[in-house]
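# Architecture and fold: a report
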Amino acid sequence: VGAALRGVAMDGWSIRFLAQLPEQSQLLLDCSHDPWLTVLAYLVATAGSLGTLAIVEHLDQVPQRGMRLAWGLVGALCLAGGIWSMHFIGMLAFRAPLAIHYDLATTLLSLLVALAAALLALYCMAQRDAGLGRRALAAAIIGLGIAAMHYSGMAAMRSTAQAYYHGGLFALSIVIAIGASLAAQLLAHHRRSSSAPYRHWLKYSAALVMGAAITAMHFTGMAALHLVVPQGATLEVQGADNSLQLGLSVA
């Protein structure tokens, strides 16, 4: 097991659950998140949610099918960009006593997964007459898409450690993603039926709630993550890097 851990870890799409620590290995406990990048991740998720809600509102005023499709695509790009950028900044905020790199192809693939989930979310949010059951089913599909984006992004990690997940927190992160998707649909529907003086404030409140839910899903998934390295492995103290600058650029 120790020899296997010395290879490049996190190189597959399999999910390992930490029921028992592998032999000849140790669990990294000295992991944390940069607070400024964490706040930035939340602000990006909120901004993406606000832009998406504004576009959903605009869709109600566009009668032409072609223009509705165009604006729907813009809204999906806005939502996907907000979710994926929040995830990427959240990963930049992660601090561990070993070198971690990210595979570009897998990272870009996670963006495509986010876009697919966002397209479905925009379609559902634009529906006026969908019942609660239909919205719940759509929320489950969208939430699973968001979770797939998150964990495919996690699969892009390259390190001498292996990634294991706490089963309960892993499941909770998926539940939060589904709940966030359902909340987004219900808030969009409720805002349409609200009186004009309150719609403006409801949009901002909904964006704050959506941003918090999306961010909570990410960091719950990160809390589920355990990094396992071989016993006696040489750990590194992270020095100065350009994570803040890169995070601001992504934002």
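The structure displayed is predicted, hence computed values, not measured ones.

Turning next to the overall build of the protein. Helices and strands together make up the secondary structure of the protein, namely eight helices and seven strands. For the protein, the computed accessible surface area is about 12,200 Å², with 66% contributed by carbon and sulfur atoms.

Here the focus is the nonpolar core. The biggest cluster of nonpolar side chains holds 57 residues, and the ones touching the most others in it are Phe94, Met154, Leu225 and Leu227. The element that contributes the greatest number of residues to this core is helix H3 (residues 65-93), accounting for 10 residues.

We now examine a nonpolar patch on the surface. A cluster of nonpolar side chains, namely Trp36, Leu244 and Leu248, defines an oily patch on the protein surface of about 380 Å² accessible area. With respect to the secondary-structure elements, Leu248 resides in helix H8 (residues 243-250).

With that settled, the discussion passes to the pattern of salt bridges. Under the criterion given, the structure shown has one salt bridge. In this structure, Asp34 engages Arg95 in a salt bridge whose closest nitrogen and oxygen atoms are separated by 4.0 Å. Of this pair, Asp34 sits in the loop between strand E2 (32-33) and helix H2 (35-59) while Arg95 sits in strand E3 (residues 94-95); the two residues are 61 residues apart in sequence, bridging distant segments of the chain.

On inspection of all chains with the given rule, the structure shows four aromatic pairs. Joined through ring pairs, the aromatic side chains of Tyr151, Tyr165 and Phe170 make up one cluster.

Residue placement: Ser85 occurs in helix H3. For Ser85, a relative accessible area of 10% puts it in the buried group.

Running from N to C, H3 and helix H5 (residues 132-154) point in directions that differ by 35°, and their axes come no closer than 11 Å. In the crossing of H3 with H5, the sense of the turn from one axis to the other is right-handed. Residue-level inspection shows Ile83, Trp84, His87 and Met91 of H3 in contact with H5, the latter providing Ile146, Met149, His150, Gly153 and Met154. Taken together, the residues of the contact of H3 with H5 sort by class into six nonpolar, three polar and no charged.

What follows covers the pairing of strand E6 (residues 162-165). Residues Gln162 and Tyr164 line one face of E6 and the alternating positions Ala163 and Tyr165 line the opposite face, and both faces are buried. Where E6 meets strand E7 (residues 225-230), four bridges bridge the pair, whose relative direction is antiparallel. Paired with Tyr164 across the two strands is His226, which belongs to E7.

Moving on, we get to the confidence of the model for the protein. For the protein, the average pLDDT comes to 80, and 82% of its residues sit at 70 or higher. Counting interchain partners and residues more than four positions distant, the pLDDT-below-50 stretch residues 1-12 has 33 contacts.

The next point concerns the environment of Leu172. Tracing the backbone through its elements, the reader meets Leu172 in helix H6 (residues 167-193). Classification of Leu172 as partly exposed rests on a relative accessible area of 38%. For the pair Leu172 and Thr220, spaced 48 residues apart in the sequence, the C-alpha separation amounts to 7.3 Å.

On to the packing of H3 against H8. Axis separation between H3 and H8 bottoms out at 9 Å; the angle between their running directions is 175°. Between H3 and H8, the interaxial angle falls into the category roughly antiparallel. Facing Ser85, Phe88, Ile89 and Leu92 of H3, the residues of H8 in contact are Ser243, Leu246, Gly247 and Val250. Broken down by class, the residue content of the contact of H3 with H8 amounts to five nonpolar, three polar and no charged.

A few words now on the environment of Tyr204. Of note, Tyr204 is situated in helix H7 (residues 196-223). Each C-alpha atom of the pair Tyr204 and Ser49 lies 9.2 Å from the other, and the pair is 155 residues apart in sequence.

Glancing now at the environment of Ile141. On the secondary structure map, Ile141 appears in helix H5. Linking Ile141 and Ala177, residues 36 residues apart in sequence, is a C-alpha distance of 9.9 Å.

The rules we used
- Residues numbered from 1 in each chain as written.
- Predicted model: local features only at pLDDT ≥ 70, side-chain atom pairs only at ≥ 80, totals over all residues.
- Heavy atoms only, no water.
- Helix = DSSP H or I, 4+ residues; strand = E, 2+ residues; numbered from the N terminus.
- Areas by Shrake-Rupley, 256 points an atom, 1.4 Å probe, with all protein chains shown as cover.
- Core = buried A, V, L, I, M, F, W, Y, C linked by side-chain atoms within 4.5 Å.
- Buried < 20%, exposed > 50% of the residue type's maximum accessible area, 1.4 Å probe, protein only.
- Patch = residues over 30% accessible without salt bridge, like charges linked within 9 Å, V, L, I, M, F, W, Y side chains within 5 Å.
- Salt bridge = Lys/Arg side-chain N within 4 Å of Asp/Glu carboxyl O.
- Phe/Tyr/Trp six-rings, centres within 6.5 Å; stacked < 30°, edge-to-face > 60°.
- Axes fitted to C-alpha atoms, helices over the stretch in contact; angles between N-to-C directions.
- Left-handed = near helix turned anticlockwise from the far one by under 90°.
- Contact = heavy atoms within 4.5 Å.
- Nonpolar A, V, L, I, M, F, W, Y, C, P; charged D, E, K, R; others polar.
- Pairing = 2+ DSSP bridges.
- pLDDT = per-residue confidence, 0-100.
- Parallel < 35°, antiparallel > 145°, perpendicular 65-115°, else oblique.

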